[in-house]
Amino acid sequence: LARADWPGLNIRQANGHGLINIRMGGSRHRGRIVCNALWNNGLYDHAPYNAKCPNITVADTEPGAKVAKAITGRLLPKYLPVIAQAVERKARHDDTAAQVAQAARDLAEATGGKVEQDRKSAYPGDMVYLPGLGYLIVHSDQTISFERAFSTTLMKAIKIVGIYDE
């Protein structure tokens, strides 16, 4: 590692979620190698509340083996539990988003509405547009909101739209 390697070198975890940036310290860390753990692959939005990625510094005179040992002993024990929580939270979010999108597609199919791909309330594809009724929002608990008017279940929403169409 040399100053010519700016902005640094990246080490990625095998599954692609973890990322550690290693760089020469600037004015604040002169004479140090800075190892920053980072959020990667969309995990920032799923990090536990107030969780920060840790970082460490090592003297820039240390050989690579000592830098690796410092990363293994000082950085990873703090980083891996936090990133594991973020990965789990992202998986739960993605699962819920898939269920919501499926419910929105079901609602659109049953009512002749159109799933809005460019707009979202909480999840991509969670809004259905029906002419005359406006936007219907599908929530994670499978309830449907009629554009800020009221909330109901998926089956009741289908019946209401059927009544509206008559």
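Residues numbered from 1 in each chain as written. Predicted model: local features only at pLDDT ≥ 70, side-chain atom pairs only at ≥ 80, totals over all residues. Heavy atoms only, no water.

Q: Explain the pattern of salt bridges to me, and be specific about the residues and the numbers.
A: Within this structure, the stated rule accounts for two salt bridges. Taking the shortest distance from any N to any O, the salt bridge between Arg92 and Glu88 comes out at 2.3 Å. In this pair, Arg92 and Glu88 both sit in helix 1 (residues 64–111), four residues apart, roughly one turn of the helix. When its relative accessible area of 46% is taken as the criterion, Arg92 is described as partly exposed. Given the relative accessible area of 44%, Glu88 is considered partly exposed. Of the charged contacts, one joins Lys90 and Asp94 as a salt bridge, the two residues approaching to 2.8 Å between their closest N and O atoms. Of this pair, Lys90 and Asp94 both sit in helix 1, separated by four residues, roughly a single helical turn. (Salt bridge = Lys/Arg side-chain N within 4 Å of Asp/Glu carboxyl O. Helix = DSSP H or I, 4+ residues; strand = E, 2+ residues; numbered from the N terminus. Buried < 20%, exposed > 50% of the residue type's maximum accessible area, 1.4 Å probe, protein only.)

Q: Summarise unusual backbone geometry; cite the residues concerned and give the values.
A: Even without glycine at this site, Asn50 takes up a positive phi of about 65°. Tracing the chain through its elements places Asn50 in the loop between strand 3 (32–38) and strand 4 (55–59). Overall, Asn50 belongs to the exposed group, its relative accessible area being 58%. Non-glycine residue Gln142 carries a positive phi angle of around 70°. Relative to the helices and strands, Gln142 is located in the loop between strand 7 (134–138) and strand 8 (143–146).

Q: Describe the side chain of Asn36, naming the residues involved and giving the relevant values.
A: Mapped onto the fold, Asn36 is located in strand 3. Asn36 gets classed as buried once you look at its relative accessible area, which sits at 16%. Leaving out residues up to four positions away in the same chain, Asn36 has contacts with Leu19, Ile20, Asn21, Arg23, Pro54 and Asn55. (Contact = heavy atoms within 4.5 Å.)

Q: Outline helix 1, supporting the account with residue identities and numerical values.
A: At Leu76, helix 1 shows its largest bend, some 55°, and a proline, Pro77, comes one to four positions later. Phi for Gly112, located one or two positions after helix 1, is positive at around 80°. (Bend = angle between axes of the 7 residues up to and from the residue.)

Q: Can you break down helix 2 (residues 154–165) residue by residue, with the values?
A: The terminal C-alpha atoms of helix 2, which comprises 12 residues, lie 17 Å apart, in line with the 16 Å expected from a rise of 1.5 Å per residue. What helix 2 keeps buried is the set Leu154, Ala157 and Val161. For helix 2, the buried positions fall inside an angular range of 55° around the axis, keeping them on one side. More than 90 degrees from the buried face of helix 2, the exposed residues found are Met155, Lys159 and Ile163. (Expected span 1.5 Å × (residues − 1). Arc of directions from axis to C-beta.)

Q: Describe in detail the nonpolar core, supporting the description with residues and values.
A: Counting 20 residues, the largest nonpolar core has Ile20, Cys35, Trp39, Ile56, Ile71 and Leu75 as its most contacted members. If you list the elements that add at least two residues to this core, you get strand 2 (19–24), strand 3, strand 4 and helix 1. Ranked by the residues each element gives to this core, the list is headed by helix 1, at eight residues. Judged by nonpolar contacts, the second largest core, of 17 residues, contains Val115, Val138, Ala157 and Val161. (Core = buried A, V, L, I, M, F, W, Y, C linked by side-chain atoms within 4.5 Å.)

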